[in-house]
Amino acid sequence: MNFYSVLKELCLCPSVSGREQKIREKISAIVSPFCDEMRTDALGNLIAVKKGVGGGKRVMLAAHMDEIGFMVTFIEDSGMLRVATVGGISFTAAAFGEVVSENGVRGTIIPEEKVKPADFKADSFYIDIGAKSKKQAEAKVRIGDFFVLTPHVQKLAGGRVCGRPLDDRIGCAVLLDIAERLRDKALDGDVYYVFSVQEEVGCRGAMTAAFAIKPDIAICLDVTATGDTLGASPMACRLGDGAAVKIKDASVICNEEIVRGLCETAQENKIKYQKEILLFGGTDTSSMQLAGAGAAVGAVSIPTRYIHSGNEMCDLSDAQSCAALVSEYVKKIG
Amino acid sequence: MLKILISEIMMKDLKRFIFSLCAVPSVSGFESRSTEALRSLIGDELEFVSVDGVGNHLFCKRSGKQNAPKILIDTHFDEIGLLVTEVLDGGFLRVCQMGGIDPSIMQASDVVIYGKQTLRGVVVSTPPHLKKDSDLPKIEEMLIDTGLSTDKARELIEIGTPVGFAPVYTELLNGRICGKSFDDKACAACAAFAIVNTPKEALAGDVYLLLSSVEETNRLGGAAAGAFSVMPDYAMVIDVNLARVPDTKDFETVEMDKGISISVSASTHLELTRLTEKLCVDREIEHSMIAAPTSTGTNAASVNLTACGIPTVDVGLPLASMHTYTEVVSMRDCETLVKLVGEFISSEEIAEKMNFSEVSFI
């Protein structure tokens with residue numbers, strides 16, 4: 001598969017937490033030649049299975065399909081839309097941004113007059129779709145409809161990409177890449193490629209998927225922050241320095257053996273890697289660790305700048321390192 | 001024989017059943033003390049399955065069909081209340097709250113103390129003559145006057161004794177009723193009433209009524225454990241919703257007398273939500289759609305995430321003055337809720353589409 005074109009296709013398909021059907025259909029079509037079975041569970045997780053020949057470890061690899069966004073809660077007489085947030089929205093990043101609904105209705109998200117940036121919150125924002133009245137707005141939008149900051153992706157200098165929502169469509173693209181790399185490799189154990197739902201609202205989907213799969217080993221593919229921007233909090237993770245092997249984030253401490261195994265695999269295969277300690281934020285890693293009777297977990301992260309803004313930035317070479325590292329690691333243990 | 005008579009009468013009179021169920025004491029965490037009262041009220045109309053280790057009461061009505069799907073209806077049975085933290089000289093009690101209580105409703109309220117005997121008490125109120133300022137004390141600083149001697153109070157009331165608000169029920173005009181713990185026992189009563197009055201032959205599956213515990217005090221609620229033990233094919237969670245009154249914001253509330261609300265939320269199942277909405281439209285059940293983006297703030301959020309995931313729809317009954325002893329609901333909305341539950345458990349379309357045991361394989 002062409003990594004960039006898959007990434008772009010996934011990014012341009014708005015699918016907010018709890019409304020992942022469209023992106024699931026796209027991913028199903030791409031992953032189906034790389035797996036033996038596919039199923040969608042009650043929450044909407046897509047679980048693609050590569051069957052093993054028998055006797056090996058059950059490995060679960062997960063990337064989340066959902067993205068942050070807004071939900072329409074009320075339509076004012078003026079036709080303006082009141083919204084609430086789904087996931088960790090940065091309102092300074094969203095203010096005056098272009099938005100689009102799941103049904104393609106375009107608009108812009110605006111803070112109420114006289115509200116200072118320090119006081120930005122969901123209550124003080126509304127979406128203007130240009131409707132002249134409540135009636136006109138109701139013809140286009142229902143309560144409960146989702147909006148997102150308009151998705152876009154472009155290539156920048158030096159093999160970098162910028163746009164949204166790279167969190168976590170780039171993880172999904174990496175997972176698809178891994179599935180392709182492992183397609184023809186006979187492994188003892190089953191490998192489960194899980195494209196999870198509702199990560200942005202509390203790492204929910206991976207929990208029920210892991211309960212169903214009961215993996216021995218689970219690895220999460222998600223974005224992580226970097227310490228290489230101006231004014232950034234100190235963090236030893238840089239764009240372009242390779243796959244980030246997670247030691248911990250705010251939700252999880254990764255299994256030591258998996259961390260060591262991933263690092264050794266990277267060294268053996270000369271794959272560029274770095275270690276990641278993320279002091280804030282959580283990932284599906286924690287849900288997979290605690291579902292059912294528990295699993296040994298790790299995570300390989302794609303370093304990303306400006307996460308949850310309208311312009312997230314990644315280095316494509318890091319994504320390639322992540323795909324190479326995880327597929328080599330699975331070959332080794334599977 | 002008497003037991004059956006009580007429940008037979010109850011199940012013909014919704015209002016009376018709501019009042020009776022709300023009068024069964026169930027301070028959060030102490031629900032299982034009321035198993036007998038609850039069973040005698042519901043009688044043999046529903047099969048009593050169990051009271052579990054976290055205080056969930058589970059009832060069932062079987063369809064008699066083979067391989068019938070399991071339908072879970074969850075309403076929480078616990079109510080907000082207080083817990084005795086100290087028995088003071090002179091028969092006064094210190095308490096802490098169980099669930100969210102606004103201190104401004106506390107002073108001068110009538111309470112019931114569920115000690116070795118059931119006792120009455122009143123929350124001491126400082127007369128305006130003695131008040132230096134208008135500051136309201138915290139609940140932990142308030143006192144309950146039991147009227148008992150120090151010794152008698154210590155004999156009958158231990159630390160850890162639950163205290164509830166006294167049940168006083170009033171009928172207002174236009175079909176509004178007023179009382180305590182309508183949150184969520186009015187919904188529990190409507191759900192039980194609907195299941196009892198739906199003929200077995202009409203059921204689309206085996207219906208489990210979970211009167212769940214500790215919703216007001218535990219992050220997951222007892223419903224998480226209850227749903228796990230039932231492992232249903234799909235579920236409806238019913239809880240009260242904030243009703244609109246002149247001082248509330250329109251976009252945060254729902255109108256009374258306009259039926260029930262159905263939440264659109266990331267924490268519920270979209271297809272089941274839309275099917276329930278369609279059911280309301282098809283059967284002319286008054287409803288409104290509301291947005292509860294990240295979480296419904298009800299048991300729906302935990303039931304939905306149970307085990308491999310349980311498709312869940314979240315339904316709300318509009319209620320004014322939530323978390324007081326004078327909560328108000330509309331009988332018209334209650335009747336709408338009864339109708340919805342009856343239709344939901346009878347819907348073959350929903351039963352057919354919510355079948356995730358046969359997931360699609362390629």
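Just so it is clear, the structure is predicted and the values come from calculations on it, not from any experiment. (Residues numbered from 1 in each chain as written. Chains lettered and ligands numbered in written order. Predicted model: local features only at pLDDT ≥ 70, side-chain atom pairs only at ≥ 80, totals over all residues.)

**Q** Go over the overall build of chain B with me, naming the residues and quoting the values.
**A** From N to C terminus, chain B includes 10 helices and 17 strands. Whereas a compact globule of 362 residues would reach a radius of gyration of roughly 21 Å, chain B reaches 21 Å, a difference of no more than 12%. On the principal axes, the C-alpha backbone points of chain B span a range of 75 × 50 × 40 Å. (Helix = DSSP H or I, 4+ residues; strand = E, 2+ residues; numbered from the N terminus. Rg over C-alpha atoms; globule rule 2.2 N^0.38 Å.)

**Q** Run through the overall build of chain A, naming residues and quoting values.
**A** When helices and strands are tallied, chain A shows nine helices and 18 strands. Relative to the compact-globule value of 20 Å for 334 residues, chain A shows a C-alpha radius of gyration of 20 Å, a close match. Overall, chain A is about 65 × 40 × 35 Å in size when its C-alpha atoms are taken along their principal axes. Out of the 334 residues in chain A, the part that is buried amounts to 53%. Looking at chain A alone, contacts between residues at least 24 apart form 75% of all its contacts between residues at least 6 apart. (Buried ≥ 20, exposed ≤ 12 C-beta atoms within 10 Å, placed from the backbone. Contact = placed C-beta atoms within 7 Å.)

**Q** Can you explain the sheet that holds strand β8 (residues 125-128) of chain A? Please cite residues and give values.
**A** All names here are of chain A. In space, the six strands of this closed barrel follow the order β4-β5-β8-β7-β6-β9, with antiparallel pairing throughout. Along the sheet, successive strands turn relative to each other by an average axial angle of 40°, direction set aside. Summarising the sheet, strand β7 (residues 106-111) and β8 pair through four bridges and their orientation is antiparallel. Its bridge partner being in β8, isoleucine 110 is matched across the sheet by tyrosine 126. (Pairing = 2+ DSSP bridges. Axes fitted to C-alpha atoms, helices over the stretch in contact; angles between N-to-C directions.)

**Q** How would you explain unusual backbone geometry if you had to name every residue and give the values?
**A** Residue and element names in this part refer to chain A. In this structure, proline 165 follows arginine 164 across a cis peptide bond, with omega equal to -5°. Inspection of the secondary structure assignment puts proline 165 in the loop between β11 (160-164) and α5 (166-182). You will see that lysine 214, though not glycine, has its phi angle at about 50°, which is positive. Within the secondary structure, lysine 214 is located in the loop between α6 (205-213) and β13 (217-224).

**Q** Residue-level account of the interface of chain B and chain A, with values.
**A** Taken together, the contact pairs 23 residues of chain B with 29 residues of chain A. Of the residues forming the side of chain B that touches chain A, the biggest block, three residues, is contributed by strand β15 (residues 287-291) of chain B.

**Q** Go over the domain arrangement of chain B, please, and point to the residues and values.
**A** Residue and element names in this part refer to chain B. Taken domain by domain, chain B comprises domain 1 (2-79 + 180-353) and domain 2 (81-165). Using only C-alpha atoms to locate each centre, domain 1 and domain 2 end up separated by 32 Å. With 12 residues of domain 1 at the interface, the matching set in domain 2 holds 13 residues. Broken down by class, the residue content of the side of domain 1 that touches domain 2 amounts to four nonpolar, five polar and three charged. (Domains from an automatic or database assignment. Nonpolar A, V, L, I, M, F, W, Y, C, P; charged D, E, K, R; others polar.)

**Q** Please set out the sheet that holds strand β11 (residues 176-179) of chain B residue by residue, giving values where relevant.
**A** All names here are of chain B. Pairing is antiparallel across the open sheet formed by three strands, whose spatial order is β10-β11-β17. Unpaired on one side and paired on the other, β10 (170-171) and β17 (327-330) mark the two borders of the sheet. Bridging between β10 and β11 involves two bridges; their strand directions are antiparallel. Note on β11: the bridge partner recorded for threonine 170 is cysteine 178. The strands that helix α9 (residues 331-346) touches are β11 and β17; relative to β17, the one it contacts most, it runs at about 60°.

**Q** Just give me the short version of the pairing of strand β3 (residues 59-64) of chain A, but keep the residues and values in it.
**A** On any regular strand, side chains alternate: one points to one face of the sheet, the next to the other face. Residues and elements named next belong to chain A. In terms of residue burial, β3 counts as a mostly covered element, since six of its six residues are buried. Burial of the side chains of β3 extends over both faces: Val59, Leu61 and Ala63 are buried on one face and Met60, Ala62 and His64 on the other. Relative to β13, β3 runs parallel, the two being bridged by four bridges. Across the sheet, the residue bridging to alanine 62 is cysteine 220, located in β13.

**Q** I'd like a description of the domain arrangement of chain A, backed by residues and values.
**A** All names here are of chain A. Domains assigned within chain A are domain 1 (3-67 + 165-333) and domain 2 (69-149). Taken over C-alpha atoms, the centre of domain 1 sits 31 Å from the centre of domain 2. In this complex, domain 1 contributes 10 residues to the contact, which on the side of domain 2 involves 12 residues. Here the side of domain 1 that touches domain 2 is composed, by residue class, of three nonpolar, four polar and three charged.

**Q** Provide a residue-level description of the environment of aspartate 318 of chain A, including the pertinent values.
**A** All names here are of chain A. Tracing the backbone shows aspartate 318 in helix α9 (residues 316-333). Accessibility expressed as a C-beta count within 10 Å gives 28 for aspartate 318, which makes it buried. Discounting chain neighbours no more than four positions away, the residues touching aspartate 318 are Leu239, Gly240, Gly242, Ala243, Ile302 and Pro303.

**Q** Lay out the environment of tyrosine 126 of chain A with the relevant residues and their values.
**A** All names here are of chain A. Assignment of secondary structure puts tyrosine 126 in strand β8. Exposure remark for tyrosine 126: the 20 C-beta atoms within 10 Å place this residue in the buried category. Once residues within four sequence positions are removed from consideration, tyrosine 126 is found in contact with Met80, Leu81, Arg82, Val83, Ile110 and Glu112.

**Q** Provide a residue-level description of the pairing of strand β5 (residues 92-98) of chain B, including the pertinent values.
**A** Residues and elements named next belong to chain B. The pairing of strand β4 (residues 81-88) with β5 spans seven bridges and is antiparallel. Directly across from glycine 81, in β5, lies its bridge partner methionine 98. Here β4 folds back onto β5, and the loop between the two strands holds three residues, one of which, glycine 90, carries a positive phi near 85°. Two elements, β5 and strand β8 (residues 144-145), share two bridges in a ladder whose sense is antiparallel. Pairing of leucine 93 across the sheet is with isoleucine 144, part of β8.

**Q** Any details on the environment of valine 53 of chain A? Residues and values, ideally.
**A** Residues and elements named next belong to chain A. Positionally, valine 53 belongs in the loop between β2 (46-50) and β3. Take valine 53: there are 10 C-beta atoms within 10 Å of it, and that puts it in the exposed class. Between the C-alpha atoms of valine 53 and lysine 331, which are 278 residues apart in sequence, the distance is 13 Å. Setting aside its immediate chain neighbours within four residues, valine 53 contacts Ala186 and Asp188.

**Q** Report on the packing of helix α2 (residues 14-22) of chain B against α9 of chain B, specifying residues and quantitative values.
**A** Residues and elements named next belong to chain B. Between α2 and α9, the least distance of the axes is 11 Å, while the angle of their chain directions is 95°. One finds that α2 runs roughly perpendicular with respect to α9. Here Leu14, Lys15 and Ile18 of α2 come into contact with α9, specifically with Met331, Cys334, Glu335 and Val338. Residue composition of the contact of α2 with α9, grouped by class: five nonpolar, no polar and two charged. (Parallel < 35°, antiparallel > 145°, perpendicular 65-115°, else oblique.)

**Q** Summarise helix α3 (residues 35-42) of chain B; cite the residues concerned and give the values.
**A** Of the residues making up α3 of chain B, those classed as buried are Leu38, Leu41 and Ile42 of chain B. Each buried residue of α3 of chain B sits inside an arc of 90° when the element is viewed along its axis, so together they form one side. (Arc of directions from axis to C-beta.)

**Q** Could you give an account of the packing of helix α1 (residues 3-11) of chain A against α5 of chain A, with specific residues and numbers?
**A** Residue and element names in this part refer to chain A. Viewed as axis vectors pointing N to C, α1 and α5 meet at an angle of 135°, and their least axial separation amounts to 9 Å. Taken together, α1 and α5 sit at an angle that is classed as oblique. α1 and α5 meet at a crossing whose hand is right-handed. Residues Phe3, Val6, Leu7, Leu10 and Cys11 of α1 touch α5, and the partners they reach there are Leu166, Arg169, Ile170, Cys172, Ala173, Leu176 and Asp177. A breakdown of the residues in the contact of α1 with α5 according to their chemical character gives 10 nonpolar, no polar and two charged. (Left-handed = near helix turned anticlockwise from the far one by under 90°.)

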